[in-house]
Amino acid sequence: MQHILQAFSLESNDSEIQKFGSGLINDTFLIVAANEKYILQKINTEVFQNPEIIGKNLYEADKHLKTLYPTYLFISQIKTSDGENFFVENGNYWRLTKFIDNSYSINTVNEPEMAFEAARAFGELTVKLQGLDLTKLKPSIPRFHDLSLRYEQFKLALQNASPALKAASKTEIDFYESNNGYVETFRKIQQDETYPNRMIHHDTKINNVLFDKQTQKSLCVCDLDTLMPGKIISDLGDMVRTYSSAESEESTEFEHVKIRLTYIEALMNGYLGKLKKNLTPSEKESLIFAGPFMIYMQGLRFLTDHLNGDVYYQISYKNQNLNRAKNQQALLEDYQLNQTKIATIIAATLS
Ligand code: NDG
């Protein structure tokens, strides 16, 4: 790997390289060279078929932030000695960034304060990127959070799956089909001209936030490959999905998969505290839909992958994607039971 480091003008004689993190998409390494720490990543080009788009989106976001908010911590791409965002070799795209000192990340949210901090960080990113010319940017994954597309993919998987596989997941198929009213709600938002696109992170899970070792406050967000124009329901919804659940999406203790209202309150306070002044009436109206939108879409994606024979999400045991779909179903059912209380929390946060 030494020549890769050299491409980024890193002194490689005394460098150390080790695998880093728990991400499932890209390959990530921690580099120590000349007493500085860096993160080197090989982009997964199955998922990101045009990495140059990531490079361009991050470059534009970085330029905007550096101009308007010079002290805001944003993880910049380090250019190669040829001035490129990636070192490309044999179709592999390598990207280098600085490692953020004094930071740590967590994999589960066990205190409402962490949910507040993380949500604040994602809200701040979107608020600070307001004003960036979105017409310069393209999606790094086209139609990534387009629920209509995800529903079409589910229908296609149903057509192609064997009768035995379908019979064994009939309860889940029925659940996701009978809740397809969410697809219609999404379509209305998509067609609403008063509903803006903003710069959205699109993967707001907790381990994409770096916390300060001393203060436990959020320092910055990371894993910026899906930072692209989108709707706020994507980021808010994925926080509801992953911070408010009492169990991770891998849990098979479905009876414990429940919404924790104190975490909803904390994350709403964190996110809307940053953004509420900027929201349009149509966005405010959609906040209650954010959680179900993302829970439903994620469950649908897991079930679709199960029906397709587990081609997208890595599995370590048979029926894991079906279990993930069941887990999301349990969470969505509990959200539906708590919807009135959640609406009250949102209204209080907005007031
Ligand atoms: C992956 C997905 C993300 C999803 C998560 C669920 C991509 C690029 O898995 O959308 O929410 O665990 O498909 N990312 O990170």
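Here the structure is a predicted model, which is why all the values come from computation and not from measurement. (Residues numbered from 1 in each chain as written. Predicted model: local features only at pLDDT ≥ 70, side-chain atom pairs only at ≥ 80, totals over all residues. Heavy atoms only, no water.)

Asker: Help me understand the site of the ligand in this model?
Answerer: Around the ligand sit Ile25, Val47, Ile141, Phe144, Asp203, Lys205, Arg241, Glu249, Gln298, Arg301, Tyr312 and Tyr313, and those are all the residues in its vicinity. Gln298 places a side-chain nitrogen or oxygen 2.8 Å from an oxygen atom of the ligand. In this structure, Tyr312 approaches the ligand through a side-chain N or O atom, which is 2.5 Å from an oxygen atom. Relative to its unbound accessible area of 370 Å², the ligand is 90% covered by the protein chains. The residue makeup of the shell around the ligand, split by class, is six nonpolar, one polar and five charged. (Near = heavy atom within 4 Å. Polar contact = N/O pair within 3.5 Å; in protein donor to acceptor, adjacent residues only side chain to side chain. Areas by Shrake-Rupley, 256 points an atom, 1.4 Å probe, with all protein chains shown as cover. Nonpolar A, V, L, I, M, F, W, Y, C, P; charged D, E, K, R; others polar.)

Asker: Explain the pattern of salt bridges to me, please; I cannot follow it from the model alone.
Answerer: Side chains that differ in sign of charge can pair as their charged atoms come close. The final tally for this structure, using the stated rule, is 18 salt bridges. Two residues, Asp203 and Lys205, come together in a salt bridge whose shortest N-O distance is 3.8 Å. Owing to a relative accessible area of 22%, Asp203 belongs among the partly exposed residues under this scheme. Its salt-bridge partner being Glu250, residue Arg324 comes within 3.1 Å of it at the nearest N-O pair. On the criterion of sequence distance, the pair formed by Arg324 in helix H11 (residues 320–350) and Glu250 in the loop between helix H8 (232–243) and helix H9 (261–275) is long-range, its members being 74 residues apart. Here Glu250 falls in the partly exposed class, since its relative accessible area comes to 35%. (Salt bridge = Lys/Arg side-chain N within 4 Å of Asp/Glu carboxyl O. Buried < 20%, exposed > 50% of the residue type's maximum accessible area, 1.4 Å probe, protein only. Helix = DSSP H or I, 4+ residues; strand = E, 2+ residues; numbered from the N terminus.)

Asker: Just to check I follow, could you spell out the packing of aromatic side chains for this structure?
Answerer: All chains considered together, the criterion is met by 13 aromatic pairs. Relative to Phe211, the ring of Tyr104 lies with its centre 5.8 Å away and its plane at 35 degrees, an arrangement referred to as tilted. Linking Tyr104 in strand S7 (residues 103–104) with Phe211 in strand S9 (residues 209–212), this pair joins segments that are 107 residues apart in sequence. Ring geometry for Tyr182 against Phe289: centres 6.2 Å apart, planes inclined by 35 degrees, an arrangement best described as tilted. You can see Tyr182 sitting in helix H7 (residues 181–191) and its partner Phe289 sitting in helix H10 (residues 281–307), a full 107 residues away along the chain. (Phe/Tyr/Trp six-rings, centres within 6.5 Å; stacked < 30°, edge-to-face > 60°.)

Asker: What is the right way to read the sheet that holds S9 from this model?
Answerer: Backbone-to-backbone hydrogen bonds pair the strands of a sheet. The strands run either parallel or antiparallel. Spatially, three strands are ordered S7-S9-S10 in an open sheet, and the strand pairing comes out antiparallel. In this open sheet, the two strands that pair with only one neighbour each are S7 and strand S10 (218–221). Packed onto the sheet, helix H3 (residues 112–128) meets S7, S9 and S10 and runs at close to 45 degrees relative to S10. (Pairing = 2+ DSSP bridges. Contact = heavy atoms within 4.5 Å. Axes fitted to C-alpha atoms, helices over the stretch in contact; angles between N-to-C directions.)

Asker: Any chance you could explain the layout of surface pockets here in plain terms?
Answerer: Roughly 350 Å³ of internal volume is contained in the second largest pocket. Breaking the lining of the second largest pocket down by element, the ones donating at least two residues are H7 and strand S11 (228–230). Counting residues per element, the lining of the second largest pocket draws most heavily on S11, at three residues. For the lining of the second largest pocket, the residue count by class is nine nonpolar, six polar and four charged. (1 Å grid on protein atoms, 1.4 Å probe; cavity = no way out; pocket = protein on both sides within 12 Å on 5 of 7 lines; lining within 4 Å. Points joined across faces, edges and corners; volume = space filled by probe spheres on them.)

Asker: Looking at this structure, I do not really get the pairing of S10. What am I missing?
Answerer: Regular strands place their side chains on alternate faces of the sheet. Pairing geometry for S9 and S10, over three bridges, is antiparallel. Bridged to Val209 within S10 is Val221. Linking S9 to S10, which pair antiparallel, is a turn of five residues; within it Gln216 sits at a positive phi near 65 degrees.

Asker: Which parts of the structure should I look at to understand the side chain of Arg301?
Answerer: Along the chain, Arg301 turns up in helix H10. Of the side chains with opposite charge, Asp238 lies nearest to the buried Arg301, which makes no salt bridge, at 7.5 Å. The contact partners of Arg301, leaving out residues within four places of it in the chain, are Phe144, Arg150, Tyr312 and Tyr313. (Lys, Arg positive; Asp, Glu negative; His and termini not counted.)

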